[in-house]
Amino acid sequence: MIFRLLPRSLRRKVPGGLGIQAEAAASGSGALPGSGERRLLLPPGGRVQGGLWSLSCPREAGWGSGGSEPLPGRLEMEEGTVELRQRKKPHGTGNKEGAPKEGNEESQKPPKSPRYVLIPRFAKLFFGCIAAIVSGMMYAMYLSTYHERRFWFSGRPELEREITFQGDSAVYYSFYKELLKAPSFERGIYELTRDNRTLSLKTMNAVQKMTLYPELIASALYHASGSEEVIEPVYFYIGIVFGLQGIYVTALFVTSWLMSGTWLAGMLTVAWFIINRADTTRIDYSIPSRENWALPYFACQVAALTGYLKSSTHSSAERFSYLLVSASTYTFMLMWEYSHYLLFVQAVCLFLLDTVALAQTEKVHEVYKIYLFSIFLGYILQFENPALLVSPLLSLVAAVLLAKCLQMNTKKGTLISRMLKVFYFYLVSTITVTLNLVVKTFVPHKENEHLMKVLEIKLGLNKTKNFTMNWLLCLESLQAPSQDFFLRLTQSSLLPFYVLVLIICLFSVGQVVFRRTSGEPVSETSSLESGRIGERPEVVYHVLHTISLGSLTMMMEGMKYLWTPYVCMLAAFGVCSPELWMTLFKWMRLKAVHPILLALILSMAVPSIIGFSLWKEFFPRIMAELSELQEFYDPDTVGLMTWIKRQAPIAAVFAGSPQLMGVIKLCTGWTVTNLPVYSDEDLQKRNENIFQIYSKRSAEDIYKILTSYKATYLVIEDSICNEVGPVRGCRIKDLLDIANGHVYCEESDSYGYSKYGRFCQEIKMNYSPYVNYFTRVYWNRSYFVYKINTVISFQS
């Protein structure tokens, strides 16, 4: 006997209490083995009448097989709950044998072997990983070759190599040298934590003040690997930094690959990163700088966070991503004193992502716990650094965790949930600000205060005549970005595609947020056919991330080294993502061509065209850079360092500009009065006082300042004393005149007055009273060295 199932549209909940779940007919009736589910089958002639289930069948039509009892002609089900399901039957009524036959054919059809699915996936993963690793290695080799061609490093003596490290880079490398010269690694760490040979009249913990964990790791690896007789220390040091830059590029490759699903996006990311190298990294000018050590770990953290936020991530991949986020966050916190500020920007993005219900709250809170543990670990390993306690990151994480218990049912589209979302946002913001102010009241802190002051001045909330603040504001890195910056990004086609991708993602995110707040159902997993790229939490995070960093870049050009790499990544992801093109076509309501097919074609064709055009235009330039042998030679600085090492006594203390003092510390090892470090209030004050040698102060005032720091030699740079800067008012001597009240402004005109001439110019005249306090002992075209007299002679 042939039976059939009721159609799905006719399923009803039948009131009553018969408790009939379903009764399977014969074997092969369609019940799933082991599923605990049964289905009610109707014999031919069964029908449904009215609102009641009424089953009619011939008397002779039996249920079941064998000698089962026949059902009555009409069965009224007035009690119980029955769920009726039906398999799809073929169209037409002529062939009643069609449905079972088709079902048998489908059941007899052998399933696809898993290897036909696994082999393409494995091949894609394998070749993608190879491409990512090769990209990183090639970029590291490119940096090494370019550095050699630019500075001719292998053909220079050690002194000339060290002179290439300028400013704070020279200070960091000098501590690396001291660690290698120490009798043991433990003794080297002990001496750095109680350092009294770097700055006069000051014993400091250099590991904490300078964030020297990169140098500790590099020196430990150099000793542990037995590289003393294999490679020189300077090559080992810069080799580690170049290797980290290769990891940086690989992490960006993987991030773009995770988001787009194709490693073609990773290749395009690397291409844009290298072409815009002047705006993506400072590796060309400052190899040992902290961000060159730290940002590769942050890029790894972002890549792991991208995989962790994805809704379709497998449990094992999610667990691996979580561990990688944890490890990279801990390391990033130790490598850079400003890392917690960048993590605060990231935490704000995650908070907004959670507030609009576009990410799983549990995942976001797990990342917050990682932040919390990272701050605790950094506080311990950085010798109880108070800057971490007053960090806005700690205040935000504490506020979110405190308000967690109040976030109830905020992800449902009801009016109450919308009000709760607004209240939750307000509550977290209020607690964050209040908690930060309270902590700053009770925790003494002086580190990194200059950053907040600079930000207040940039926003127009404050004005100052302070020399250090105005000098920092005059730095190019803290100025608004120039037109050349945007022109370079446009010429490489990066900026136009980034703006296009950002606009599409923003509109898609706006649609999703509107649908969620209005109570419409939103699918947890996004598909290509849906054309809703704004439903993916990792995409929303990166949109918020680049907007946040981009806003800071519009105020301070130095932030471009944080923003531009992720611009490369997001733009490459967008043009290589079929889902983004599908989102655009959904809005256009494209019907002439199948939108899915066109999206797949464009996601391959557009990046290929971009890559070909970039290769044709920029590849010859890159090869020309590598083939051109440049020369960096500074004979005046070499002469000064040579004289100091040969003529100056071991107990000598040198005073001068902080940039030059860093080089003297590195090349000679002599004690100095100040360093190019601005995260400490005492060091800021030292720099401002020593810079008075370029102001309009008397010889007696300068002598008192220098002897208060036990300085024995003074170095004056002619480039600073006779500086002709492009921006009047940003020269060091102009800033000193403003801070000292020697210049006053009236209706856009400035007037200067001081009864003393400029010290750095007057001392060169060799007349009293300058010769009474200072004796010139060395000079060349760029530097003038004066010995500070211990016995003052007042002979004219």
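Given the structure is predicted, the values throughout are model-derived calculations rather than measurements.

(A) Broad picture of the pairing of strand 8 (residues 774–779). As paired elements, strand 8 and strand 9 (residues 783–788) share 5 bridges and run antiparallel to each other. Paired with Arg776 across the two strands is Tyr786, which belongs to strand 9. Here strand 8 folds back onto strand 9 in antiparallel fashion, the turn holding 3 residues.

(B) Here's a closer look at empty space enclosed by the protein. Under the defined criterion, the tally for this structure stands at 5 cavities of 30 Å³ or more. Space inside the second largest cavity adds up to approximately 60 Å³. His147, Phe151, Thr164, Phe165, Gln166, Ser169, Asp284, Tyr285, Ser286, Ile287 and Pro288 together form the lining of the second largest cavity.

(C) View of the sheet that holds strand 3 (residues 653–655). As summarised here, the arrangement of the 5 strands in space is 4-3-5-9-8, forming an open sheet in which the pairing is mixed. What marks the edges here is a single partner per strand, and that holds for strand 4 (671–672) and strand 8. With 2 bridges connecting them, strand 3 and strand 4 associate as parallel partners. Following the sheet pairing, Val653 is matched in strand 4 by Thr671. Along the sheet, helix 29 (residues 699–708) contacts strand 3, strand 5 (713–717), strand 8 and strand 9; its crossing angle with strand 8, the most-contacted strand, is approximately 75°.

(D) Quick look at a nonpolar patch on the surface. A cluster of nonpolar side chains, namely Phe122, Phe126, Phe127, Ile130, Val134, Met138, Met141, Trp263 and Met267, defines an oily patch on the protein surface of about 900 Å² accessible area. Those elements that provide at least two residues to the nonpolar patch are helix 2 (115–151) and helix 9 (263–275). For the nonpolar patch, the element with the most residues is helix 2, which contributes 7 residues. Counting through the fold element by element, Met267 comes out in helix 9. Note on Met267: relative accessible area 35%, which makes it partly exposed.

(E) Expanded view of the environment of Ala304. Residue placement: Ala304 occurs in helix 11 (residues 290–309). Given the relative accessible area of 3%, Ala304 is considered buried. For the pair formed by Ala304 and Thr255, sequence separation is 49 residues and the distance between their alpha carbons is 7.9 Å.

(F) Structural view of the packing of helix 8 (residues 233–260) against helix 11. The N-to-C vectors of helix 8 and helix 11 enclose an angle of 25°; their axes lie 8 Å apart at closest approach. Relative to helix 11, the element helix 8 lies roughly parallel. You can see that helix 8 and helix 11 cross each other, and the crossing is left-handed. Taking contact as the criterion, the partners of Tyr237, Ile240, Val241, Leu244, Gln245, Ile247, Tyr248, Ala251, Thr255, Leu258 and Met259 in helix 8 are, on helix 11, Arg290, Asn292, Trp293, Leu295, Pro296, Tyr297, Ala299, Cys300, Val302, Ala303, Thr306 and Gly307. Classifying every residue of the contact of helix 8 with helix 11 gives 17 nonpolar, 5 polar and 1 charged.

(G) The state of the cysteines, seen in detail. Using the criterion set out here, one finds 2 disulfides in the structure. Two residues share a disulfide in this structure: Cys474 and Cys730, whose sulfurs sit 2.1 Å from each other. Since a negative S-S torsion denotes a left-handed disulfide, the Cys474-Cys730 link at about -75° is left-handed. Pair noted here: Cys474 is in helix 19 (residues 467–474) and Cys730 is in the loop between helix 30 (718–721) and helix 31 (732–740), with a separation of 256 residues, a long-range link. Residue Cys474 is classed as partly exposed on the basis of its relative accessible area of 22%. Residue classification places Cys730 among the partly exposed residues on the basis of a relative accessible area of 27%. Disulfide partner of Cys721: Cys760, at an S-S distance of 2.0 Å. In this structure, the disulfide formed by Cys721 and Cys760 twists by about 85° around the S-S bond and is classed as right-handed. Note that Cys721 is positioned in helix 30 and Cys760 in helix 32 (residues 759–762), a separation of 39 residues in sequence. Neither residue differs from the other here; Cys721 and Cys760 are each classed as buried. For the chain, the bonded cysteines connect in the pattern 1-3, 2-4 when numbered consecutively along the sequence.

Criteria and cut-off values
- Residues numbered from 1 in each chain as written.
- Predicted model: local features only at pLDDT ≥ 70, side-chain atom pairs only at ≥ 80, totals over all residues.
- Heavy atoms only, no water.
- Pairing = 2+ DSSP bridges.
- Helix = DSSP H or I, 4+ residues; strand = E, 2+ residues; numbered from the N terminus.
- 1 Å grid on protein atoms, 1.4 Å probe; cavity = no way out; pocket = protein on both sides within 12 Å on 5 of 7 lines; lining within 4 Å.
- Points joined across faces, edges and corners; volume = space filled by probe spheres on them.
- Contact = heavy atoms within 4.5 Å.
- Axes fitted to C-alpha atoms, helices over the stretch in contact; angles between N-to-C directions.
- Patch = residues over 30% accessible without salt bridge, like charges linked within 9 Å, V, L, I, M, F, W, Y side chains within 5 Å.
- Areas by Shrake-Rupley, 256 points an atom, 1.4 Å probe, with all protein chains shown as cover.
- Salt bridge = Lys/Arg side-chain N within 4 Å of Asp/Glu carboxyl O.
- Buried < 20%, exposed > 50% of the residue type's maximum accessible area, 1.4 Å probe, protein only.
- Parallel < 35°, antiparallel > 145°, perpendicular 65-115°, else oblique.
- Left-handed = near helix turned anticlockwise from the far one by under 90°.
- Nonpolar A, V, L, I, M, F, W, Y, C, P; charged D, E, K, R; others polar.
- Disulfide = S-S within 2.5 Å.

These figures come from the coordinates and say nothing about function on their own.
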